[in-house]
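Single-letter residue listing:
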Amino acid sequence: MSNLHFDTLIIGAGLSGIGMACHLTEAFPNRSLAILERRDCIGGTWDLFRYPGIRSDSDMLSYGYKFHLWDSPKVLAEGAEIRRYIQSTANQYGLSEKIRFGLKITSANWSSQQRLWHLTAMHEPSGKVQYFSCKYLLCCTGYYNHDEGFLPSFPGEEEFKGIRVHPQHWPEDLDYRGKKVVVIGSGATAATLIPAMADKTEHITMLQRSPSYIYSLPAQDKITTLLSRVLPAGWAKWLARKRNIMLYRFVYIACKKWPKLMRRVMLSHVKGQIGPDADMRHFTPTYMPWDERICAVPDGDLFKAIRNGKASVETGHIERFTENGILLKSGKLLPADIIITATGLKMQMLGGMSLSVDGTPYPVGEQMTYKGVLLENLPNMAWIFGYTNISWTLKLHLTAEYLCRLFKHMEQNGFDVVTPHDNDNCALDVSIMSSLKSGYLERDQKLLPRQGKSYPWQVFMHYGRDKKMLLKDTVEDGRLEFLRAKQGVSIKEPSSIAS
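Small disclaimer: the values here were computed from a predicted structure and weren't measured.

Right, let's get into the overall build of the chain. When its secondary structure is counted, the chain shows 12 helices and 26 strands. Over its C-alpha trace the chain gives a radius of gyration of 24 Å, about what one expects of a compact globule, namely 23 Å for 499 residues. Taking the principal axes of its C-alpha atoms as reference, the chain extends roughly 75 × 55 × 45 Å. By the burial criterion, 56% of the 499 residues in the chain qualify as buried. Partitioning the contacts of the chain with sequence separation of at least 6, the portion at a separation of at least 24 is 69%. Once the 61 positive and 50 negative side-chain charges of the chain are each reduced to a mean point, those two points are 5 Å apart.

Following this line, the structure appears as C-alpha cells:
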C-alpha cells in the first residue's frame, strides 16, 4: 500500500489551516508540508456558507491575520471578501500548490513503531482512496458538521406547501422577491439574513423562542482611515488591531464581572436603535451577556429593517406548520411562502474522521486538551480551536507560535515524538466550552474534549493568560513526554511550573 509522506500534514484549508501553514512555512522552510482539503477551493466556512449577507461577526482587523493585515475600512466583511482574503494570503506564502483538494479524511492512526501518522482519505470527486503519512498532524477543521446543520422536526412540517431552506445549504436560485419569509432563529445567522433580504421580500419575520443580545458596530472604521492619512498605513492598521483586541476583551470581561450593569447598557443601546415605541420584550434575553455569543450587526442594519417596517420580530413557540405558514402556540398565524430554519449547527470534531493509536480507537470526548492545543495521550498531533468570546484567529496565532516553539525545541534536543500526559489526575467531566450555553453546545457537549481542574489542562478563553502560557512559559513542564529520535529513549523532564 503506497502512500505520500510529508513532515507535516494540515487538515483544512480555511482561515485556520492557511494561517497555520503560513507560520510553519516561515519557521520551517525546509520541512515538507501539505494541506488536505475536502472542498474544491480555499476558504472553509467562508466557502461553505453562501446565504444572503453572510459575513464575519468579529471585526476584521483582529479576525484577519496579524502577518497580513486586513486592508479595508470594512469592520465586518462579507463571506466572499473573506474567502478572497484567505486565498490571497495563501498565494502570498506560496501555499496554493501545497493544497490537495477533494479529500475527505476518513481515519488517522498513529503507529508507535514507525512514529508516524497514517491517514486514509477518500477523493470524493473520483471515489478513489488515497493514503498519506506524516510526522506531525495538525487538525484545522473547526467544530461543526459541514454536511448538515441542526434541523429539529416541527409538527405538521409535511403540510407546508412553500419552500423550506436551511442556511447551511442555500439554493443559488432561490427567488424570494415579493415573498413572505419567516426566519426561525435569533442568532447571528438570522440577524444577518433578515436585513440582507428585507428590501426584496414582501415582508420578513424573525421568529424566536427567546431573544439574543444584539449590538451595532460601525460598518466602516473611520478612525483608522483618518489615522492612515497621518501615519504609515501599516502603523495605523496595527494600532487599530491592538485597540480592537483590547476593546473587545474589555467588553467580555466587563460582562462577566458586572453582568447586570452591562445588561442595562446593552438593552439601552438596543432601545436607542429601534426607537422608544419598540416592544423590548422581543429584545430582552433571559440570560446575562456572554452566557451565549453576542450578535454584531453593521450600522444597526437589522434594527433599521425593523424600524422601517420591512422586518418584524415574533417571540413564541411553534404549535405546528400549516399549509401556508406557521401557527404559534399563542394562536397567531405567521403566513409564509418561504421558511428559513436558522436553527444552528451540528457539532463535529476533527472533520468527522476516526482517530486511533496503534489501532485502538481514541475517544476525543473523553480526553483533555493540553494548553488547548495538544490532546492528552495523543502523540504528535495538535488541533486549532480558536476563541469564542473574541476573534477566533487570535488563538490561532498563539497556537501556531506555540507549536513553532515546541517543534524547534524538539529539533534542537533531538526529539521526534511529544505526548502530553495527566500525571496529577486533573480530569473533570466538563467540556472545553462549558462557559457558553448555546443550544448547539448544550446538545453536543459530549463530543468536545474535557477540561482539567488546573493548569495546563484548563481552557481559559483568556487572551492574556493564554499568551503567557503559550509564548512565555517553558516548553518542558513535566506533563510532556518526549522520545529521542531513532533511539527510542523516553525522556520526561521534571516539572518547572506549579499546578
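Attention now goes to the sheet that holds strand β15 (residues 333–335). The three strands are arranged β13-β14-β15 in an open sheet whose pairing can be described as antiparallel. This sheet does not close on itself; its edge strands, each paired only once, are β13 (318–322) and β15. For this sheet, the mean inter-axis angle between neighbouring strands, taken without regard to orientation, is 20 degrees. Sheet topology places strand β14 (residues 325–328) next to β15; three bridges connect them, and they run antiparallel. Its bridge partner lying in β15, G325 is registered against P335.

All right, on to the environment of L327 then. Topologically, L327 is positioned in strand β14. On the accessibility criterion, L327 (19% relative accessible area) is buried.

What follows is about the nonpolar core. By size, the foremost hydrophobic cluster in this structure holds 150 residues, and its most contacted members are I18, L119 and L406. Counting 12 residues, the second largest nonpolar core, distinct from the first, contains F154, I326, L334 and I339.

We now examine unusual backbone geometry. Y455 connects to P456 through a cis peptide bond whose omega is -5 degrees. Among the structural elements, P456 can be located in the loop between β24 (450–452) and α12 (463–471).

A separate point is the packing of aromatic side chains. Counted by the stated rule, this structure contains 23 aromatic pairs. For the ring pair Y143 and Y144, a centre distance of 6.2 Å and an interplane angle of 90 degrees mean the geometry is edge-to-face. The residues Y143 and Y144 share a single accessibility class, namely buried. Between the aromatic rings of F385 and W392, the centroid separation amounts to 5.4 Å while the plane-to-plane angle is 50 degrees, which identifies the pairing as tilted. Relative accessible area serves as the criterion here: at 3%, F385 is assigned to the buried category. Taken together, F49, Y51, Y143, Y144, W383, F385 and W392 form an aromatic cluster joined through their ring pairs. Its end group placed over the ring of Y387, K395 keeps NZ or CZ at 5.6 Å from the ring centre.

Attention shifts here to the state of the cysteines. Per the counting criterion, the structure on display carries zero disulfides. A disulfide-free cysteine, C140 has its sulfur positioned 6.8 Å from the sulfur of C139, the nearest such atom. Using a relative accessible area of 8% as the deciding quantity, one classes C140 as buried. The closest cysteine sulfur to the non-disulfide-bonded C255 is located on C295, 13 Å from its own sulfur.

With that settled, the discussion passes to the sheet that holds strand β12 (residues 311–315). Within the open sheet, the five strands sit side by side as β7-β16-β8-β9-β12. Their pairing is parallel. In this open sheet, the two strands that pair with only one neighbour each are β7 (163–165) and β12. Within the sheet, the average angular offset between the axes of one strand and its neighbour, ignoring direction, is 20 degrees. Against the sheet, helix α5 (residues 188–197) makes contact with β8 (180–184), β9 (203–208), β12 and β16 (338–341), and its axis sits at roughly 165 degrees relative to β9, the strand it touches most.

Conventions and cut-offs
Residues numbered from 1 in each chain as written. Predicted model: local features only at pLDDT ≥ 70, side-chain atom pairs only at ≥ 80, totals over all residues. Heavy atoms only, no water. Helix = DSSP H or I, 4+ residues; strand = E, 2+ residues; numbered from the N terminus. Rg over C-alpha atoms; globule rule 2.2 N^0.38 Å. Buried < 20%, exposed > 50% of the residue type's maximum accessible area, 1.4 Å probe, protein only. Contact = heavy atoms within 4.5 Å. Lys, Arg positive; Asp, Glu negative; His and termini not counted. Charge placed at Lys NZ, Arg CZ, Asp CG, Glu CD. Pairing = 2+ DSSP bridges. Axes fitted to C-alpha atoms, helices over the stretch in contact; angles between N-to-C directions. Core = buried A, V, L, I, M, F, W, Y, C linked by side-chain atoms within 4.5 Å. Phe/Tyr/Trp six-rings, centres within 6.5 Å; stacked < 30°, edge-to-face > 60°. Lys NZ or Arg CZ within 6 Å of the ring centre and 35° of its normal. Disulfide = S-S within 2.5 Å.

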